[in-house]
Amino acid sequence: MLGSEIGNAMTISSIAFRHATGTSVVFDQFTVYMGPAAGGSLGNNFDANYSGGKITVYDHTNPSFAPSGDWVTIPLDTPYFYSGTGNLIIEIAWPHGDMEIYANYWSTPGVNRTLTSFFGSPTGDAFDFCPNLRLTGTMSLTPMTFGSIKASFQ
């Protein structure tokens, strides 16, 4: 996700995909990683897209996901702190490509925002589209004194 889409610093506690079709899906293994992005467009090497390391934020055997309204929500095991600067990579990995969360996507012409591959491959194919995602969490606030808050309203 682009930093401009996320906004301010926040502690992310869940991610959600805008649901496209189907009622539910069960994976044999499902892992989500997050980390700062090295740039605004993804290259074909998964790890080279990160600026620094990635953190495992969700890792479960046999999880089941079902939509709630228009969204499929994945609560993170480990909340991720996004600093409010730069772009964020959300990497999702699962073996056996026959299961999928069918999500709506939007076009990002000229900017590769999705990278797909077979499970465990270090490289993949980059595409200029992005799934509709929603991040939920706690926004970080800028510490201010009462006097500076009062002055900002005058």
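Cut-off values and rules
- Residues numbered from 1 in each chain as written.
- Predicted model: local features only at pLDDT ≥ 70, side-chain atom pairs only at ≥ 80, totals over all residues.
- Heavy atoms only, no water.
- Pairing = 2+ DSSP bridges.
- Helix = DSSP H or I, 4+ residues; strand = E, 2+ residues; numbered from the N terminus.
- Axes fitted to C-alpha atoms, helices over the stretch in contact; angles between N-to-C directions.
- Salt bridge = Lys/Arg side-chain N within 4 Å of Asp/Glu carboxyl O.
- pLDDT = per-residue confidence, 0-100.

Novice: In this structure, what is going on with the sheet that holds strand β3 (residues 29-36)? I would like to understand it.
Specialist: Consider a sheet: its strands pair through backbone hydrogen bonds, and that pairing is either parallel or antiparallel. Strands sit in the order β4-β3-β7 across an open sheet of three strands; the sheet is antiparallel. At either margin of the open sheet sits one strand with a lone partner, and together these are β4 (55-61) and β7 (88-93). Sheet twist, expressed as the average angle between the axes of neighbouring strands with direction ignored, equals 10 degrees.

Novice: Would you explain the pattern of salt bridges in this entry?
Specialist: Side chains bearing opposite charge may pair, as long as their charged atoms lie close to each other. Applying the stated criterion across every chain, the model contains four salt bridges. As a salt-bridge pair, arginine 18 and aspartate 70 come within 3.5 Å of each other at their nearest N and O atoms. Here arginine 18, found in strand β1 (residues 10-18), pairs with aspartate 70, found in the loop between β5 (64-65) and β6 (71-82); they are 52 residues apart in sequence, far enough to count as distant. With a closest N to O distance of 3.3 Å, lysine 54 and glutamate 91 form a salt bridge. One end of the pair, lysine 54, is in the loop between β3 and β4; the other, glutamate 91, is in strand β7, with 37 residues separating them in the sequence.

Novice: Where do I start with the confidence of the model for the protein chain in this structure?
Specialist: Detailed reading of the predicted coordinates is not advisable wherever pLDDT is low. Overall, the prediction assigns the protein chain a mean pLDDT of 87, with 88% of residues at 70 or greater. Ranking the elements of the protein chain by mean pLDDT puts helix α2 (residues 146-152) last, at 59, and β4 first, at 97.

Novice: In this structure, what is going on with the sheet that holds β6? I would like to understand it.
Specialist: Strand order in the open sheet formed by three strands is β6-β1-β12, with antiparallel pairing between adjacent strands. Of all the strands in the sheet, the pair left with one neighbour each is β6 and β12 (133-139). In this sheet, adjacent strand axes meet at a mean angle of 20 degrees when their direction is disregarded. Pairing of β1 with β6, which is carried by eight bridges, proceeds in the antiparallel orientation. Opposite serine 14, over in β6, you have proline 75 as the bridge partner.

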